[in-house]
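Structure assessment
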Amino acid sequence: MSIPKRDTAAEQLSEYSEEHEDNHDKITTTWGVPVPEKDASLTIGYHGPILLQDYNLIDEIAHFTRERIPERVVHAKGAGAFGYFEVTHDITEYTAAKIFSEIGKKTPIAVRFSQVAGELGYPDTIRDIRGFAIKFYTEDGIWDLVGNNAPIFFVKDCALFPSFIHTMKRNPKTHMRPDYDMFWDMITLRPETTHTCLIFFSDRGIPASFRKMHGYGTNTFAFVNAHGKFFYCKFHYRSEQGVENMDPKVAQKLAGEDPDYHLRDLYNAIENEEYPSWKFYVQIMTPEQAEKSSYDPFDDTKVWLHSEYPLIPVGRFTLNKNPSNYFAEVEQIGFDPAHLIPGIEPSPDRMLQGRLFAYGDTHRYRLGVNHLQIPVNSPFKASHFARDGKMTLHSQGGAPNYHPNSFNGPKIDKRAKALSPVIPLHGEATRIDNGNDDNFTQARLLYQKVMKDDEKDRMIQNMLVWLKPTKPQFQDKAVKMFSQVDQDLGKKLKIGLGSSPHIDL
Ligand code: HEM
């Protein structure tokens, strides 16, 4: 697994050079004026100070000092690629979304893979959930499916998301991570984290490659069909490369030798025309089934059992183009779960509800109020009444900037109106902690029925790596929590911790 001497990514500049043999471009300032000298600043004599008049120098330095924008508060390190989605099966009985309107229909997509907790320069091969976000450039505008490589998440009320993320990030005083006390304190105080912990510490916690992992929309969404009928749904994408994970020891070595291992793997595969692809599925639940479900279908710490809600094939997507510039097309891409198209709606999933606010808000901070005018985020066409703001690129000409108007401004799309669901809401506005809503049944199914014995053993070893450095009080609580999944699991953790200097057996 050592880095090949000259891999495809390493040839990028040589390829540029070959393709631009007769490049006659001249160096200019950023405003396009030819520059007379690039190797020396304008000084008074050989040792003299530099003149303020050297505005070419100032242009370059002033741009350089502004090169970085705030990095994403989560999912900062990632890789992106472009491709297309193709419908292979008819699901128009469930949704009128135009993207699914006919078999064979193709829609351009952008995908970004990421890790959750590390910063922009973090090594790729650490234990973490991976982000797997898809931007569909549909004829009805942008649809963002901002998923992960896990079908569930640690917490289920968006109110707990910032705190949970804090426990995975750096300790605010020491600036070091991981801080095992922060992590296990929160995990054991919120046992709804149990189910996702089993995935986090399993082999899937370190994928071998972004190409070799499945993806999930994770939260519950809704479909509306052409007759206005409403269904709840979950999205799944399954890797056609198969699933492959990485031995933690190999991962640790690579973290030092090739911190960009996953980026390199994806970039090289696409450059070498080994285009990765995924099959796309949905699970469907009717509102009547949702009412009667034995578990909360809007709880993102639970899966919808495949035996009850089978995967329905929909399509396939392929990534066949690397970004032509990382910053422009990956650092500046902004996904937003609130970007839904007619035929696809949110559900009452509490985590999703919080996400509907969070992403647009962070993009306005990170990328600016006009982030949707950046080419990678831009829909094919948009006609609305928002105007101006920093970095306005599209003006919409002289179209009226107010509604209603009598001057032939854009009109309401009747189809979109017909497809917006009427949501029957009832109940009192109140704050109900849903954290103790059967946190162990599905975790038990995963541990006892899905995981093979060798997988269980590796998961326990991985848990012990994180549990041993924490305080005995959190070790004890974790043993108790995981014992509720399976007595044997609890026992094995307790025995494993016996060798820890902290554990008080
Ligand atoms: C209320 C809960 C949540 C909040 C407040 C939140 C917030 C955020 C924020 C602020 C970003 C950075 C976006 C950017 O700067 O471009 C982000 C990225 C992301 N989040 Fe969440 N998130 C939440 C829950 C989740 C959940 C449950 C998932 C599971 C699918 C998820 C998946 C992602 C992914 C994949 C990205 C990376 C998108 C990209 O590649 O640019 N998030 N989230």
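Everything numeric in this text was worked out from a predicted model, so none of it was measured.

The subject of this paragraph is the coordination of the iron atom of the ligand. There is one protein donor for the iron atom of the ligand, namely Y359 (OH), at 1.8 Å. Mapped onto the secondary structure, Y359 falls in helix α10 (residues 350-366).

Looking now at the site of the ligand. Every one of the 23 residues lining the ligand counts as a neighbour, but R72, R112, N148, Y359 and R366 are closest to it. Contact between the ligand and R355: a nitrogen atom at 3.3 Å from a side-chain N or O atom of the residue. Note that a nitrogen atom of the ligand is positioned 2.7 Å from one of the side-chain N or O atoms of Y359. Of all the secondary-structure elements, those providing two or more residues to the shell around the ligand are β3 (130-138), β4 (141-148) and α10. When residues of the shell around the ligand are assigned to their parent elements, the largest contribution, seven residues, is made by α10. Class assignment of the residues belonging to the shell around the ligand gives a composition of eleven nonpolar, seven polar and five charged.

With that settled, the discussion passes to the pattern of salt bridges. Scanning the entire structure with this criterion turns up 28 salt bridges. Across the salt bridge formed by D140 and K98, the nearest N and O atoms sit 3.6 Å from each other. Here D140 is found in the loop between β3 and β4, whereas its partner K98 is found in the loop between β1 (78-87) and β2 (106-115), with 42 residues between them in sequence. Look at the salt bridges and you will find they share partners, linking D7, D258 and R264 into a network.

Along the chain, R177 connects to P178 via a cis peptide bond; the corresponding omega equals -5°. Following the sequence through the fold, P178 ends up in the loop between α3 (161-168) and α4 (180-189). A cis geometry characterises the amide bond from H403 onward to P404, with omega recorded as 0°. On the secondary structure map, P404 appears in the loop between α10 and α11 (414-419). Here the phi dihedral of H75 falls at roughly 60°; this positive angle occurs in a residue that is not glycine. Here H75 shows up in the loop between α2 (55-64) and β1. Using a relative accessible area of 19% as the deciding quantity, one classes H75 as buried.

Rules behind the numbers
- Residues numbered from 1 in each chain as written.
- Predicted model: local features only at pLDDT ≥ 70, side-chain atom pairs only at ≥ 80, totals over all residues.
- Heavy atoms only, no water.
- Donors = N, O, S within 2.8 Å, 3.2 Å for Na, K, Ca; no water.
- Helix = DSSP H or I, 4+ residues; strand = E, 2+ residues; numbered from the N terminus.
- Near = heavy atom within 4 Å.
- Polar contact = N/O pair within 3.5 Å; in protein donor to acceptor, adjacent residues only side chain to side chain.
- Nonpolar A, V, L, I, M, F, W, Y, C, P; charged D, E, K, R; others polar.
- Salt bridge = Lys/Arg side-chain N within 4 Å of Asp/Glu carboxyl O.
- Buried < 20%, exposed > 50% of the residue type's maximum accessible area, 1.4 Å probe, protein only.

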